[in-house]
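Spelled out, the chains give:
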Amino acid sequence: MNTKYFSLIVLSSVVAGQAFAGEDPLLKTTAAQAQFPELPYPYDALEPYVDKMTMEIHYSKHHKAYYDNFLKATQGTEMEKMTIGDIFRQISKFPAAVRNNGGGFYNHVFFWQNMSPAGSSSISPAFEKILTARFGSMDEFRKQFGDAAKTRFGSGWAWLSVDDKGELFISSTPNQDNPLMDLADKKGTPVLGIDVWEHAYYLKYQNRRPDYVEAWWKVINWQVVEQRYKAAVKTTE
Ligand code: MN
């Protein structure tokens, strides 16, 4: 199937809200059943904010390696038949290879989904209102999220998540950890995440992580973020 056509189908089912009606379907998938997914758009779709070569290496090399190594680390173990969500909820008792590669596999699927070509997605007035009510203003939300991304020391991620009371919060995690893991400082269901490993931006931005973080606002898929938010809040009601 033509890649662009396939992407449109994926994007429209996500926008229609079928993809995140409950818990993220990927979290309900067992380790043995996990598939390496298509990128939901061509490598050059996020230009000029995220460049084609970065996307190609990030997806086909880094992400693929996390996936392959996650399968290897879980094969023949009790984790094989566990869902990825259950593995994350007990990650502290499993080997580092599962934490690093399972997190790496999941986080990148999540990351591709929460981006889309610049200009293809804008935030809905309803969701903007929710963010404004929680953080005071959109500028303040962007500042706090941006600070979490820019100040994460070394490799990691910044997240916007929903906690068990349905409240939004911003956090960052080291390496390939995420807020779904039992060892996260603050646990919750992520709805937006940015990869701040150097491999996510170095080819285009070199050491200028703040420039990458600022540019990245142009390629957020707000429809996916809002769908994830609605699904996460529902589970806390
Ligand atoms: Mn990455």
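Cut-offs used in this document
- Residues numbered from 1 in each chain as written.
- Predicted model: local features only at pLDDT ≥ 70, side-chain atom pairs only at ≥ 80, totals over all residues.
- Heavy atoms only, no water.
- Helix = DSSP H or I, 4+ residues; strand = E, 2+ residues; numbered from the N terminus.
- Rg over C-alpha atoms; globule rule 2.2 N^0.38 Å.
- Buried < 20%, exposed > 50% of the residue type's maximum accessible area, 1.4 Å probe, protein only.
- Contact = heavy atoms within 4.5 Å.
- Areas by Shrake-Rupley, 256 points an atom, 1.4 Å probe, with all protein chains shown as cover.
- Lys, Arg positive; Asp, Glu negative; His and termini not counted.
- Charge placed at Lys NZ, Arg CZ, Asp CG, Glu CD.
- Donors = N, O, S within 2.8 Å, 3.2 Å for Na, K, Ca; no water.
- Phe/Tyr/Trp six-rings, centres within 6.5 Å; stacked < 30°, edge-to-face > 60°.
- Lys NZ or Arg CZ within 6 Å of the ring centre and 35° of its normal.
- Pairing = 2+ DSSP bridges.
- Axes fitted to C-alpha atoms, helices over the stretch in contact; angles between N-to-C directions.
- Patch = residues over 30% accessible without salt bridge, like charges linked within 9 Å, V, L, I, M, F, W, Y side chains within 5 Å.
- Salt bridge = Lys/Arg side-chain N within 4 Å of Asp/Glu carboxyl O.
- Core = buried A, V, L, I, M, F, W, Y, C linked by side-chain atoms within 4.5 Å.
- Parallel < 35°, antiparallel > 145°, perpendicular 65-115°, else oblique.
- Left-handed = near helix turned anticlockwise from the far one by under 90°.
- Nonpolar A, V, L, I, M, F, W, Y, C, P; charged D, E, K, R; others polar.

**Structural notes on the overall build of the chain**
Next up, step 1: Counting secondary structure elements, the chain contains nine helices and three strands.
Next up, step 2: Starting at the N terminus and ending at the C terminus, the chain contains elements arranged as α-α-α-α-α-α-β-β-β-α-α-α.
Next up, step 3: Here the C-alpha radius of gyration of the chain, 17 Å, is about what a compact globule of 237 residues would show, namely 18 Å.
Next up, step 4: Once the C-alpha set of the chain is aligned to its principal axes, its extents read approximately 50 × 40 × 35 Å.
Next up, step 5: Counting only residues that meet the buried cut, the chain has 49% of its 237 residues in that class.
Next up, step 6: Partitioning the intrachain contacts of the chain with sequence separation of at least 6 by distance along the chain shows that 70% fall at a separation of at least 24.
Next up, step 7: Approximately 11000 Å² of the chain is accessible, and the part contributed by carbon and sulfur atoms is 52%.
Next up, step 8: For the chain, the centre of its 26 positive side-chain charges and the centre of its 27 negative side-chain charges are spaced 0 Å apart.

**Topic: the coordination of the manganese ion**
Next up, step 1: Around the manganese ion, the protein contributes the donor atoms His58 (NE2), His108 (NE2), Asp195 (OD) and His199 (NE2), which lie 1.9 to 2.1 Å from the metal centre.
Next up, step 2: As a motif over one chain, the donors of the manganese ion read H-x49-H-x86-D-x3-H. Placement of the pair is His108 in helix α4 (residues 96-113) and Asp195 in strand β3 (residues 189-195), with a sequence separation of 87 residues.
Next up, step 3: By relative accessible area, His108 is classed as buried at 0%.

**Observations concerning the packing of aromatic side chains**
Here the distance between the centres and the angle between the planes together describe a pair of aromatic rings.
Next up, step 1: One pass over the structure, following the stated rule, counts 25 aromatic pairs.
Next up, step 2: Judged by centre distance (6.5 Å) and plane angle (80°), the ring pair of Tyr66 and Trp197 falls under edge-to-face. With Tyr66 in helix α2 (residues 52-74) and Trp197 in the loop between β3 and α7 (202-205), this residue pair connects regions lying 131 residues apart in the sequence.
Next up, step 3: When the centroid spacing of 5.7 Å and the interplanar angle of 70° are considered together, the rings of Phe145 and Trp217 count as edge-to-face. Taken as a pair, Phe145 in helix α6 (residues 138-151) and Trp217 in the loop between α8 (209-216) and α9 (222-236) lie far apart in primary sequence, 72 residues in all. Grouping residues by exposure puts Phe145 and Trp217 together as buried.
Next up, step 4: Here Lys64 stacks its cationic end above the ring of Phe36, 6.0 Å away from the centre of that ring.
Next up, step 5: The positively charged end of Lys204 is found above the aromatic ring belonging to Tyr205, 5.8 Å away from the centroid.

**Concerning the sheet that holds strand β1 (residues 156-162)**
Next up, step 1: Across the sheet, which stays open at both edges, the three strands sit in the order β2-β1-β3 with antiparallel pairing between neighbours. This sheet does not close on itself; its edge strands, each paired only once, are β2 (168-174) and β3. Strand-to-strand twist of the sheet, defined as the mean angle between neighbouring strand axes without regard to direction, takes the value 25°.
Next up, step 2: Pairing between β1 and β3: six bridges, direction antiparallel. Across the sheet, residue Leu160 finds its bridge partner in β3, namely Leu192.

**As for a nonpolar patch on the surface**
Next up, step 1: A cluster of nonpolar residues, Met53, Ile57 and Leu203, forms a patch on the protein surface that exposes about 280 Å² of accessible area.
Next up, step 2: Residue position: Met53 is located in helix α2.

**Thoughts on the nonpolar core**
Next up, step 1: With 65 residues, the main nonpolar core has Leu131, Phe141, Ile194, Tyr212 and Trp216 as its most contacted residues.
Next up, step 2: When residues of this core are assigned to their parent elements, the largest contribution, seven residues, is made by α4.
Next up, step 3: Sequence-distant contacts of Leu131, defined by excluding residues within four places in its chain, comprise Ile123, Gly136, Met138, Phe141, Leu160, Leu168 and Trp222.

**Quick notes on the packing of α2 against α4**
Next up, step 1: Two elements in contact, α2 and α4, have axes separated by 8 Å at closest approach and are oriented at 140°. Our classification of the angle between α2 and α4 gives oblique. Both α2 and α4 take part in a crossing whose hand is left-handed. In this structure, α2 contributes Met55, His58, Tyr59, His63, Ala65, Tyr66, Tyr67, Asn69, Phe70, Ala73 and Thr74 to the contact, and α4 contributes Ala97, Val98, Asn100, Asn101, Gly102, Gly104, Phe105, His108, Val109, Phe111 and Trp112.
Next up, step 2: Tallied by class, the residues present in the contact of α2 with α4 amount to 13 nonpolar, nine polar and no charged.

**Digging into the pattern of salt bridges**
Next up, step 1: Within the structure shown, the criterion is met by twelve salt bridges.
Next up, step 2: When the shortest N-O distance is used, the salt bridge between Asp24 and Arg228 registers 2.9 Å. With Asp24 in the loop between α1 (3-15) and α2 and Arg228 in helix α9, this residue pair connects regions lying 204 residues apart in the sequence.
Next up, step 3: Given a relative accessible area of 9%, Asp24 falls into the buried group.
Next up, step 4: Put simply, Glu23, Asp86 and Arg89 are held in one network by salt bridges that share partners.

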